[in-house]
Amino acid sequence: MAKLVLDLHDIYNKGTQIDRALRDIIDEAISKKITTVEIIPGKGSGALKKKVLRFLDQKEIKALYHRIDKDSRNFGRLFVYFKFK
């Protein structure tokens, strides 16, 4: 099973770049029919993870994926799952 990974450590304080990187990885997963995207906002204060979750919760973005899982063993990463017919 193929998986895409987006590590946000390098752009943690660049809001528009974060949104663009998230949108790009979602678009790539859809175009390549990859069912899992791992997003690594890092542990830190949790602000970046909240930003990522707010982005993913937008109506037009939410319509693109199946579900999100927060890693129970690692607070610093999320998984976004896609379903394709």
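Each chain carries its own residue numbering, running from 1 in the direction its sequence is written. Two thresholds apply to this predicted model, a pLDDT of at least 70 for residue-level local features and 80 or more for giving and counting side-chain atom pairs, whereas whole-chain, interface and lining totals are computed over all residues. Values shown for side chains rest on all heavy atoms present in the structure; no hydrogens or waters enter the calculation.

Undergrad: Mind laying out the side chain of Lys 49, listing which residues take part and the relevant values?
TA: The numbering of helices and of strands both runs from the N terminus, where a helix is a DSSP run of H or I of at least 4 residues and a strand a run of E of at least 2. Considering the arrangement of structural elements, one finds Lys 49 in helix 2 (residues 47-56). Only heavy atoms matter for contacts: two residues are in contact if any of them lie within 4.5 Å across the pair. If we skip the residues at most four places from it in the chain, Lys 49 touches Pro 41, Lys 70, Phe 75 and Leu 78.

Undergrad: Kindly report on the packing of aromatic side chains, identifying the contributing residues and their values.
TA: For any pair of aromatic rings, the description consists of the separation of the ring centres together with the inter-plane angle of the planes. The criterion for an aromatic pair is that two Phe, Tyr or Trp rings (for Trp, the six-membered ring) have centres within 6.5 Å, with stacked assigned to planes under 30 degrees apart, edge-to-face to planes over 60 apart and tilted to the rest. Evaluated as defined, the whole model comprises two aromatic pairs. Each ring, one from Phe 79 and one from Tyr 81, has its centre 6.3 Å from the other, and the planes form 25°; the classification is stacked. Across the pair, exposure class does not vary: Phe 79 and Tyr 81 are buried alike. For the ring pair Phe 82 and Phe 84, a centre distance of 6.3 Å and an interplane angle of 10° mean the geometry is stacked. Since its relative accessible area comes to 29%, Phe 84 is described here as partly exposed. Stacked on the ring of Phe 75, the Lys or Arg Lys 49 has its end atom at 4.0 Å from the ring centre. Whether a charge sits over a ring comes down to the Lys NZ or Arg CZ being within 6 Å of the ring centre and within 35 degrees of the ring normal. Looking at Arg 67, its charged tip hangs above the ring of Tyr 81, at a distance of 4.2 Å from the centre. Burial status follows relative accessibility: with a 1.4 Å probe on protein chains alone, a residue under 20% of its type maximum counts as buried, one over 50% as exposed, and anything between as partly exposed.

Undergrad: Describe the pairing of strand 1 (residues 3-7), and please don't skip the residues or the numbers.
TA: Every second residue of strand 1 is oriented toward a common face, the buried set being Leu 4 and Leu 6 and the non-buried set Lys 3, Val 5 and Asp 7. With the strands aimed away from the viewer, a crossover counts as right-handed if its path from the first strand over the helix to the second runs clockwise. Regarding topology, helix 1 (residues 15-32) serves as the crossover connection from strand 1 to the parallel strand 2 (residues 36-40), and that connection is right-handed.

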